[in-house]
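The lines below spell out each chain.
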Amino acid sequence: MSIITGSQEGGNTLLGTTKMRRVIVYSIIGLIFLLPLLVLPFLPVSFDWTKSIIVSVVAVLGLCGWIVTRMQEGKIEIPKSYMFLALLGLIVISFISALVNQRSLGLVRGGVEVNTTHMLVVFTVIMFLTSVFFKTRTSILYAYAALMGSAIVLALFHFIRLFSGNRILPSLGSTFSPIGPWTDLGIFFGLTALLSLIALEYLDLGKRLRTMLMSLFVAALFLVAVVNVSLIWFVLGISALVFLVYSIVANFPLSRKSDEEGGQFKLNKSSLSMLAFAVIIVAFVGVVASNAIGDITSSVFRLSFVEARPSWAATFDLFKSMSPVNYIIGTGPNNFTALWALNKPLGIYNTVFWDTNFAYGVGAIPTAAITIGIIGLLGWLAFLASLAYTGFTSLFKNMNPVSRFYIVSSFLGALYLWVFQIFYVPSFVLTTLTFLFAGMFIAVMAQEKVIKEKVFNFASSSKILGLFLVAAVVLILLDVAWGYVVLKKFIANVYTQKAVAALTRGDIAGGEAYIVKAASYDLNDTEYQILVNAELVK
């Protein structure tokens, strides 16, 4: 088969029908390529802060662009997915929790932490924009190409560092990665291996492209082994197993033997995905021999990597220590650290992490039970249930092989990333990719008619047009205000980092001056803490 692009209806449009639509699609595709790679050392802020500002700007401008395109086309088309309703409910719950827990009020206005109300809004907007603007198969294919291109560059970077004995940029540490923490690197290349596997099985690729994709597949598995986290091996192995079982049951069904053979069933050899089977075996070895693999990679590549977070038991114990009111609405977005400091398990004092202020529990979604309460946790469970139900029901829809590629890849890719939101706390880049993949999954479901689109045609109704114009004005004003607040947060963070650098050099007066400037843009606990430390040094 060949790679089929264009719209599901067979049109010739590539990324969209309007210039605004193409700009937004290209911006999102650019995010997919740049986020794992972007490092701007000349800015006095963390890499995640820089990336969060870029994503926030795309969300703000993209939402304005969506409003403009709706006015141009005279209608609103929104995929009918309960995932949107779940996220809107979570935003409301998070906002209420932040208001009730007054210490979290500032977090409503922004912050780079992925569990703030501000970032939840950003991620939801990015997911929404992806779902409504990626109207064609070509846009999805370009997004995959951007991800693979980013993976190739990132793999080359790490191969050069690993095989040079980390002599390239040694000051950054042996486990530095532009994408974020070392574990996130393994998760990213696990996703790369999974998507490469699905593409190699379903698409009729040219020899060069197939060789390149196979090389990337092998390189991705190698880097997963270098990172060597059992959870990644386990999730990747289960994903490959799901794909293998599906390819047998649905893609290439069983064929009946001839009557002379007794009417039994035999397995069609073409239904066996040898690559998926190989991934399962490699993942099994990775889980069973994790310690041995870790010893080899550590000694060969001189890697030193330690990551700790509270266990399931510790997270549950912390949940039980909350007041009855907090059971319902939580302690407030990004307030896990405060509760941990007051109620950390006694056993932690016997470890080297006794004074570590953890910001999350065992996983991002389990942490929500503490920060936004049981209602928030139920919201996340509703979101995941909607994702799983839509995805698994779509797998057995009658479709051609190319449609199957887009459905399977978008669903398994999204599901793979969301599993880590339960059992791990991914950094900003991976969390952004998680929501982007959820948006692409919804877009593919709409393209393949698995889910319907709700259409509001206000061009023929003055009443609907009037309501939309009022809503559009309000949204644009909120959008502009949101962008202004994000910009102020970024400037404040720049001055805060300059204050820290000045205090580190012993320049107390300069540090205080910078922190005062930071407070003039955005006053929060960080500025207060730095000012107190500066006074203590005096």
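These numbers were taken from a predicted model, which means no experiment stands behind them.

**A short note on the overall build of the protein chain**
Move 1: Looking only at helices and strands, the protein chain features 21 helices and four strands.
Move 2: Looking at the protein chain as a whole, 51% of its 538 residues qualify as buried.
Move 3: Looking at the protein chain alone, contacts between residues at least 24 apart form 78% of all its contacts between residues at least 6 apart.
Move 4: Per element, the accessible surface of the protein chain, about 24,400 Å² overall, is 68% carbon and sulfur.

**Structural notes on empty space enclosed by the protein**
Move 1: Per the stated rule, a full pass over the model turns up four cavities of 30 Å³ or more.
Move 2: By volume, the largest cavity is sized at about 280 Å³.
Move 3: For the largest cavity, the lining is made up of 20 residues, of which Val114, Asn115, Leu120, Ala364 and Trp380 are closest to its centre.
Move 4: Counting residues per element, the lining of the largest cavity draws most heavily on helix H15 (residues 364-371), at five residues.
Move 5: A breakdown of the residues in the lining of the largest cavity according to their chemical character gives 12 nonpolar, eight polar and no charged.

**A word on the environment of Asn335**
Move 1: Relative to the elements of secondary structure, Asn335 occurs in the loop between helix H13 (324-329) and helix H14 (336-343).
Move 2: Each C-alpha atom of the pair Asn335 and Thr116 lies 9.3 Å from the other, and the pair is 219 residues apart in sequence.

**A look at the nonpolar core**
Move 1: Phe134, Phe189, Trp380, Phe383, Tyr416 and Trp418 are the most contacted members of the largest nonpolar core, which has 132 residues in total.
Move 2: Not counting residues within four places of it along the chain, the set of residues in contact with Phe189 comprises Ala151, Leu154, Ala155, Ala220, Leu223 and Val224.
Move 3: Residues Phe319, Ile348, Phe358 and Ala369 belong to the second largest nonpolar core, which totals 11 residues.

**A few points about the packing of helix H6 (residues 137-163) against helix H8 (residues 207-227)**
Move 1: Where H6 meets H8, the closest approach of the two axes is 10 Å, and the angle between their N-to-C directions is 50 degrees. Relative to H8, H6 is oriented oblique. For the element pair H6 and H8, the recorded crossing hand is left-handed. Counting all contacts with H6, which are made through Met148, Ala151, Ile152, Ala155, His158, Phe159, Leu162 and Phe163, the residues of H8 involved are Met212, Leu216, Ala219, Phe222, Leu223 and Val226.
Move 2: Looking at the contact of H6 with H8, its residues break down into 13 nonpolar, one polar and no charged.

**Observations concerning the pattern of salt bridges**
Move 1: Taken as a whole, this structure holds five salt bridges when the rule is applied.
Move 2: Among the ionic pairs, Glu77 bridges to Lys135, the shortest N-O distance being 3.5 Å. Taken together, the positions of Glu77 in strand S1 (residues 75-79) and Lys135 in the loop between helix H5 (117-133) and H6 put the pair 58 residues apart, joining distant regions of the chain.
Move 3: Connected through salt bridges with shared partners, the residues Lys75, Glu77, Lys135 and Glu453 form a single ionic network.

**Focus on the packing of aromatic side chains**
Move 1: The tally for this structure, following the rule as stated, stands at 27 aromatic pairs.
Move 2: Aromatic side chains Phe188 and Phe189 sit 5.4 Å apart centroid to centroid with 80 degrees between the ring planes, which places their arrangement in the edge-to-face category. Phe189 carries the same exposure label as Phe188, and that label is buried.
Move 3: When the ring of Phe411 is compared with that of Phe441, the centres are 5.6 Å apart and the planes differ by 40 degrees; the resulting orientation is tilted. A residue pair is termed long-range when its members are at least 10 positions apart, and Phe411 in helix H17 (residues 401-423) and Phe441 in helix H18 (residues 428-447) qualify at 30 residues.
Move 4: Through pairs of rings, three or more aromatic residues link up here, namely Phe123, Trp380, Phe383, Trp418, Phe428 and Phe435.

**Overview of helix H12 (residues 312-320)**
Three or four residues apart is the spacing at which side chains of an α-helix point the same way, because the helix has 3.6 residues per turn.
Move 1: When we look at burial in H12, the residues that qualify are Ala314, Thr315, Leu318 and Phe319. Buried residues of H12 fall within an arc of 140 degrees about the axis and therefore sit on the same side.

**Concerning the packing of H17 against H18**
Move 1: Put simply, H17 and H18 touch, their axes get as near as 9 Å, and they point 150 degrees apart. For the crossing formed where H17 meets H18, the hand is left-handed. Listed contacts from H18 to Tyr406, Ile407, Ser410, Phe411, Gly413, Ala414, Leu417, Trp418 and Gln421 of H17 are Leu430, Thr431, Leu433, Thr434, Phe435, Phe437, Ala438, Met440, Phe441, Val444 and Met445.
Move 2: By residue class, the composition of the contact of H17 with H18 is 15 nonpolar, five polar and no charged.

Rules of the game
- Residues numbered from 1 in each chain as written.
- Predicted model: local features only at pLDDT ≥ 70, side-chain atom pairs only at ≥ 80, totals over all residues.
- Heavy atoms only, no water.
- Helix = DSSP H or I, 4+ residues; strand = E, 2+ residues; numbered from the N terminus.
- Buried < 20%, exposed > 50% of the residue type's maximum accessible area, 1.4 Å probe, protein only.
- Contact = heavy atoms within 4.5 Å.
- Areas by Shrake-Rupley, 256 points an atom, 1.4 Å probe, with all protein chains shown as cover.
- 1 Å grid on protein atoms, 1.4 Å probe; cavity = no way out; pocket = protein on both sides within 12 Å on 5 of 7 lines; lining within 4 Å.
- Points joined across faces, edges and corners; volume = space filled by probe spheres on them.
- Nonpolar A, V, L, I, M, F, W, Y, C, P; charged D, E, K, R; others polar.
- Core = buried A, V, L, I, M, F, W, Y, C linked by side-chain atoms within 4.5 Å.
- Axes fitted to C-alpha atoms, helices over the stretch in contact; angles between N-to-C directions.
- Parallel < 35°, antiparallel > 145°, perpendicular 65-115°, else oblique.
- Left-handed = near helix turned anticlockwise from the far one by under 90°.
- Salt bridge = Lys/Arg side-chain N within 4 Å of Asp/Glu carboxyl O.
- Phe/Tyr/Trp six-rings, centres within 6.5 Å; stacked < 30°, edge-to-face > 60°.
- Arc of directions from axis to C-beta.

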